[in-house]
Amino acid sequence: MERKKNMGINEIVTIDPEILSGQPVFSGTRVPIDSLFDHLEAGVSLDDFLDDFPSVTRDQAVALLEAANKLLSSKHIEQLYEAVTG
């Protein structure tokens, strides 16, 4: 299966005050973004996460992890961190 390239952030994440009080969720779902990280931290595989949350696509989950990797491996990580922690 070929994965779509360069998935836009709006295809990955939705922030809407009417969905889970504005908590970031996978677009088109009510699945919080942090649930993926919680599952991975607990040792749950990506496949098992996707089985638990079938409304999240593999493309979305992989694109989210790729975006997090790019942000966290940026040479500007300190500025990014300061921007999100205020």
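Because the structure is predicted, anything quoted here is derived from the model rather than measured.

Colleague: Even after reading the chapter, I still don't get helix α2 (residues 33–41), so can you show me in this structure?
Modeller: An α-helical turn contains 3.6 residues, so a residue and the one three or four places further along point in the same direction. Every buried residue of α2 is listed here: Ile33, Ser35, Leu36 and His39. Axial view of α2: buried residues confined to an arc of 165 degrees, hence all on one face. Contacts made by the buried residues of α2 are with α1 (9–12), β1 (13–14), β2 (25–26), α3 (46–52) and α4 (58–72). Within two residues after α2, Gly43 carries a phi angle of roughly 90 degrees, on the positive side.

Colleague: Hey, could you run me through the pattern of salt bridges in this one?
Modeller: Should the charged atoms of two oppositely charged side chains come close, the side chains can pair. All chains considered together, the criterion is met by one salt bridge. Its salt-bridge partner being Arg58, residue Asp47 comes within 2.0 Å of it at the nearest N-O pair. Highlighted residues: Asp47 in helix α3 and Arg58 in helix α4, separated in sequence by 11 residues.

Colleague: Is there a simple way to think about the nonpolar core in this case?
Modeller: Across soluble globular proteins, you tend to see nonpolar side chains buried next to one another. With 15 residues, the main nonpolar core has Phe26, Leu36, Leu46, Phe49, Val56 and Leu64 as its most contacted residues. Going through the elements one at a time, α2, α3 and α4 are the ones with two or more residues in this core. If one sorts the elements of this core by residue count, α4 sits on top with four residues.

Colleague: So what exactly am I meant to see when it comes to α4 here?
Modeller: For α4, which comprises 15 residues, the first-to-last C-alpha distance of 21 Å matches the rise-based estimate of 21 Å (1.5 Å per residue) to within 8%. Listing the buried residues of α4 in full gives Asp59, Gln60, Ala61, Val62, Ala63, Leu64 and Ala68. For α4, the secondary structure elements touched by its buried residues are α1, β1, β2, α2 and α3.

Colleague: I keep staring at the packing of aromatic side chains and nothing clicks. Help me out?
Modeller: Two aromatic rings are characterised by how far apart their centres lie and by the angle between their planes. Scanning the model with the defined rule gives two aromatic pairs in all. Taking 6.2 Å as the distance between ring centres and 45 degrees as the angle between the ring planes, the aromatic pair formed by Phe26 and Phe49 counts as tilted. Of this pair, Phe26 sits in strand β2 while Phe49 sits in helix α3; the two residues are 23 residues apart in sequence, bridging distant segments of the chain. Site record: aromatic cluster; members linked through ring pairs are Phe26, Phe49 and Phe53.

Reading the values: the criteria
Residues numbered from 1 in each chain as written. Predicted model: local features only at pLDDT ≥ 70, side-chain atom pairs only at ≥ 80, totals over all residues. Heavy atoms only, no water. Buried < 20%, exposed > 50% of the residue type's maximum accessible area, 1.4 Å probe, protein only. Helix = DSSP H or I, 4+ residues; strand = E, 2+ residues; numbered from the N terminus. Arc of directions from axis to C-beta. Contact = heavy atoms within 4.5 Å. Salt bridge = Lys/Arg side-chain N within 4 Å of Asp/Glu carboxyl O. Core = buried A, V, L, I, M, F, W, Y, C linked by side-chain atoms within 4.5 Å. Expected span 1.5 Å × (residues − 1). Phe/Tyr/Trp six-rings, centres within 6.5 Å; stacked < 30°, edge-to-face > 60°.

Treat this as a map of the structure, not an account of what it does.
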